[in-house]
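# Results of the structural survey
Letter by letter, the chains look like this.
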Amino acid sequence: MNDNTNTSDVRGDRVVTNAQGNPLNDPFATQRVGQHGPLLMQDANLIELLAHFNRENIVERLPHAHGSGAFGYFEVTDDITDICGSAMFSKIGKRTRCLTRFSTVGGEKGSADTARDPRGFSTKFYTEEGNLDWVYNNTPVFFIRDPAKFPHFIHTQRRNPETHMKDANMFWDFLTTPENQVAIHQVMILFSDRGTPASYRTMNGYSGHTYKWSNKKGEWHYVQVHIESDQGVKNLTNEEAIKMAGENPDYCQKDLFEAIQKKKFPSWTVSIQTMTEEDAKKLPFSVFDLTKVWPHKQFPLRRVGRLVLNENPLNYFAQIEQAAFSPSTTVPYQEPSADPVLQARLFAYPDAQRYRLGPNYHQIPVNCPYASKVFNPAMRDGPMNVDGNLGSEPNYLATKNPYNFSQSSRPIQQHQEVWNGPAVPFHWATSPGDIDFVQARDLYQKVLSQQPGAQDRLAHNIGFHIASSQPEIQKRVLDMFARVDKKLANNIFKECELRKKELCRF
Ligand code: NDP
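Everything numeric in this text was worked out from a predicted model, so none of it was measured.

### Comments concerning the overall build of the protein chain
- Looking only at helices and strands, one finds 13 helices and 10 strands in the protein chain.
- The C-alpha atoms of the protein chain give 25 Å as radius of gyration, which agrees with the globular expectation for 506 residues (23 Å, within 12%).
- In terms of its C-alpha atoms, the protein chain occupies a principal-axis envelope of roughly 75 × 70 × 50 Å.
- Residues classed as buried in the protein chain amount to 48% of the 506 residues present.
- Accessible surface computed for the protein chain: about 26,300 Å², of which carbon and sulfur atoms make up 55%.

### A word on the site of the ligand
- In the neighbourhood of the ligand, 20 residues make up the surrounding shell, with His185, Arg194, Tyr206, Trp294 and His296 lying closest.
- Here an oxygen atom of the ligand sits 3.0 Å away from a polar atom, N or O, in the side chain of Asn204.
- One of the side-chain N or O atoms of Glu228 is found 3.4 Å from an oxygen atom in the ligand.
- Relative to its free-state accessible area of 760 Å², the ligand is covered by the protein chains to the extent of 80%.
- At the level of elements, α4 (184–191), β7 (220–229) and α10 (435–447) are the ones that each hand at least two residues to the shell around the ligand.
- Per-element tally for the shell around the ligand: the top contributor is α10, with 4 residues.
- Residue classes in the shell around the ligand are distributed as 9 nonpolar, 8 polar and 3 charged.

### Digging into the side chain of Asn367
- Looking at where Asn367 falls in the secondary structure, it is placed in the loop between α9 (340–357) and α10.
- We classify Asn367 as buried; its relative accessible area is 4%.
- Excluding anything up to four places from it in sequence, Asn367 contacts Lys124, Asn131, Gln322, Ala323, Ala324, Leu357, Tyr361 and His362.

### Some words on a nonpolar patch on the surface
- A grouping of Phe375, Leu390, Leu397, Tyr403 and Phe405 is seen on the molecular surface, where their side chains present a nonpolar patch of about 430 Å² in accessible area.
- Tracing the sequence through the fold places Phe405 in the loop between α9 and α10.

### What to know about unusual backbone geometry
- With an omega dihedral of 0°, the bond running from Leu62 to Pro63 counts as a cis peptide bond.
- Structurally, Pro63 can be placed in the loop between α1 (44–54) and β1 (67–76).
- Of note in the backbone geometry, Tyr333 takes a positive phi value of approximately 80° without being a glycine.
- Of note, Tyr333 is situated in the loop between α8 (316–321) and β10 (334–336).
- Tyr333 gets classed as buried once you look at its relative accessible area, which sits at 9%.
- Not every positive phi belongs to a glycine, and Met384 is a case in point at roughly 55°.

### Some points on the UniProt feature "active site" (unreviewed entry) in the protein chain
- In the numbering used here, UniProt assigns the "active site" (unreviewed entry) feature to His64 and Asn137. In sequence the annotated residues extend across 74 residues, while in space they remain close, none of their C-alpha pairs exceeding 10.6 Å.
- Summarising the element assignment, His64 is placed in the loop between α1 and β1.
- Accessibility expressed as a relative area gives 15% for His64, which makes it buried.

### A few points about the pairing of β1
- For β1, the tally of buried residues reaches 10 of 10 residues, placing the bulk of the element in the interior.
- Burial of the side chains of β1 extends over both faces: Gly67, Gly69, Phe71, Tyr73 and Glu75 are buried on one face and Ser68, Ala70, Gly72, Phe74 and Val76 on the other.
- As paired strands, β1 and strand β2 (residues 95–104) are joined by 9 bridges and run antiparallel to one another. Of the residues in β2, the one forming a bridge with Glu75 is Arg95.
- In this sheet, strand β9 (residues 302–311) lies alongside β1 in antiparallel orientation, the contact comprising 6 bridges. Along β9, the bridge assignment pairs Glu75 with Arg306.

### A short note on the state of the cysteines
- Inspection of every chain in the model, using the stated rule, returns 0 disulfides.
- The thiol sulfur of Cys368 is not disulfide-bonded, and the nearest other cysteine sulfur, from Cys98, lies at 17 Å.
- For the unlinked cysteine Cys504, the closest cysteine sulfur is that of Cys496, found at 11 Å.
- Judged by its relative accessible area of 66%, Cys504 falls in the exposed class.

### A few points about helix α2 (residues 150–157)
- By the burial criterion, the buried members of α2 are Phe153, Ile154, Thr156 and Gln157. Looking straight down α2, one finds its buried side chains confined to an arc of 150°; they lie on one side. Exposed side chains of α2 directed beyond 90 degrees from the buried face belong to His152 and His155.

### Brief notes about the packing of aromatic side chains
- Scanning the model with the defined rule gives 25 aromatic pairs in all.
- Look at Tyr126 and Tyr370: their rings are 5.1 Å apart centre to centre, the planes differ by 40°, and that puts the pair in the tilted class. Of this pair, Tyr126 sits in strand β3 (residues 119–127) while Tyr370 is found in the loop between α9 and α10, placing the two residues 244 residues apart along the sequence.
- Judged by its relative accessible area of 3%, Tyr126 is buried.
- Ring centres 5.3 Å apart and planes at 75° place the aromatic pair Phe142 and Phe143 in the edge-to-face group. This pair shows no difference in class: Phe142 is buried, exactly as Phe143 is.
- Through a chain of ring-to-ring contacts, the aromatic side chains of Phe74, Phe89, Phe125, Trp134, Tyr136, Tyr211 and Trp213 assemble into a single cluster.

### Section: the UniProt feature "binding site: heme" (unreviewed entry) in the protein chain
- Cross-referencing UniProt, the feature "binding site: heme" (unreviewed entry) maps to Tyr349 in the present numbering.
- Looking at where Tyr349 falls in the secondary structure, it is placed in helix α9.
- Leave out the neighbours within four places in its chain, and Tyr349 touches Val135, Phe325, Ser326 and Pro327.

### Description of the nonpolar core
- Core analysis: the largest hydrophobic core is formed by 41 residues, its most contacted members being Trp172, Met188 and Phe481.
- Secondary structure elements with two or more residues in this core: α2, α3 (168–176), α4, α10, α11 (454–466), α12 (471–484) and α13 (486–505).
- Every residue in contact with Phe481, bar those within four places of it in the chain, is listed here: Trp172, Ile184, Val187, Met188, Ile462, Leu488, Ala489 and Ile492.
- Of all hydrophobic cores here, the second largest spans 34 residues; its members include Tyr200, Met203, Val270 and Leu309.

Definitions and limits used
- Residues numbered from 1 in each chain as written.
- Predicted model: local features only at pLDDT ≥ 70, side-chain atom pairs only at ≥ 80, totals over all residues.
- Heavy atoms only, no water.
- Helix = DSSP H or I, 4+ residues; strand = E, 2+ residues; numbered from the N terminus.
- Rg over C-alpha atoms; globule rule 2.2 N^0.38 Å.
- Buried < 20%, exposed > 50% of the residue type's maximum accessible area, 1.4 Å probe, protein only.
- Areas by Shrake-Rupley, 256 points an atom, 1.4 Å probe, with all protein chains shown as cover.
- Near = heavy atom within 4 Å.
- Polar contact = N/O pair within 3.5 Å; in protein donor to acceptor, adjacent residues only side chain to side chain.
- Nonpolar A, V, L, I, M, F, W, Y, C, P; charged D, E, K, R; others polar.
- Contact = heavy atoms within 4.5 Å.
- Patch = residues over 30% accessible without salt bridge, like charges linked within 9 Å, V, L, I, M, F, W, Y side chains within 5 Å.
- Salt bridge = Lys/Arg side-chain N within 4 Å of Asp/Glu carboxyl O.
- UniProt positions renumbered as here; feature names shortened; annotations may be inferred.
- Pairing = 2+ DSSP bridges.
- Disulfide = S-S within 2.5 Å.
- Arc of directions from axis to C-beta.
- Phe/Tyr/Trp six-rings, centres within 6.5 Å; stacked < 30°, edge-to-face > 60°.
- Core = buried A, V, L, I, M, F, W, Y, C linked by side-chain atoms within 4.5 Å.

Encoded structure:
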């Protein structure tokens, strides 16, 4: 089996050549007329060098542009074959090679690692059943549950079209609009200590979405995945994160790279929560609602394995920048649920990779499912086709299995959920009553109250952020947090006033 994810050392032959392999006497020499005359059009080396330089950048991800990554493995520690029939879980001790990329969300490529932002936590597993991507975040919930709101919401964290600056008014205007306050749970986590992780090694990952996993008998469960840091969860304060953004914007990249270089390999414990269809019907919220968690007491974590990162990329651009993740990249027995945001991501992610890297992005070594055999004769040609293009193989199939291959017997969903109903313009805005605020309140009153100073730091972090927004927006923010807890809103007000005084001094 060939591991295509390794970048070989290309420095063995020390002759400098142009891109066509023709040796160069002097890579810095230019062809010119006489000692000081104009340059010649025939100087192909210079022209190629400059032309290539102009084309070094590829389209950056939007969002999740800025990130770090490393290779490693997933190891099964506990049997879950009663829940999932995927080959990667087939026996205890089994290891599957993987690549994990961590990222911030809203910032451009090159922005600070320590920005207050959710973190992406994506892992590509090179399994014998093809590649599997877990495209997760470091928070168990998200801001929206209507996918059509995604570009609108992300725009509020980008630059104001007129001032070309980040704008707290845009951010809070969107979030405090009554029909968007469904974001409150995620906003609470974002402004808690966990909004500024101390490193990628010391944060958790969560599927957030509900997935559907089946065993080989066709029995299925809703599943949520938790990836908990064995290094413990550690965070920066607001002030430490801001200071670090100035002193070393690549703080988390350095931390991850150097830890692996020193063989202090970070690891995470991977667990699942499972829910039956019957349990899902009894929930006070929809199982497809991305703004809710499944309470631990009701749905305890069940350990599956561990994720270990033990190998730095040899080339960041080749192996991390070109890595392409998508929740649609999945293996038998792990399927998406009907969560509408997940359904939209199934289109949006591979579409982003086709745009960024081209339609043959799966041929780039880091994305190539090297542990399985790829065969689809109708997927041919296209830009940057570099894998031989299936040679003289006919470019069509006339029958399902012309070669008498042993066909896969992957179970399909026909005996699982049954959907029925008219096509409706559905907008999942606010839920009736208080349900969208319950878990945010639990976090504040039951979880943060047990962590010394955590409630105060939450109020400080929000007050600090809203101080640069307009008074009308600040009022809306206070009203929204009063629905979580009145004490929280009062403390945010005090922190905001303190910060405004500080800002006046600048
Ligand atoms: P539990 O008391 O069993 O769980 C509380 C969880 O809160 C912890 O396990 C920890 O998650 C998480 N936590 C601790 N500090 C923070 C923070 N600053 N920001 C976000 N999460 C934090 O109670 P429940 O399961 O009933 O959940 C209560 C609340 O905990 C929820 O409303 C939710 O906000 C939060 N939570 C719940 C999760 C879940 O899957 N049930 C996952 C994460 C948060 P962890 O163990 O993953 O570190």
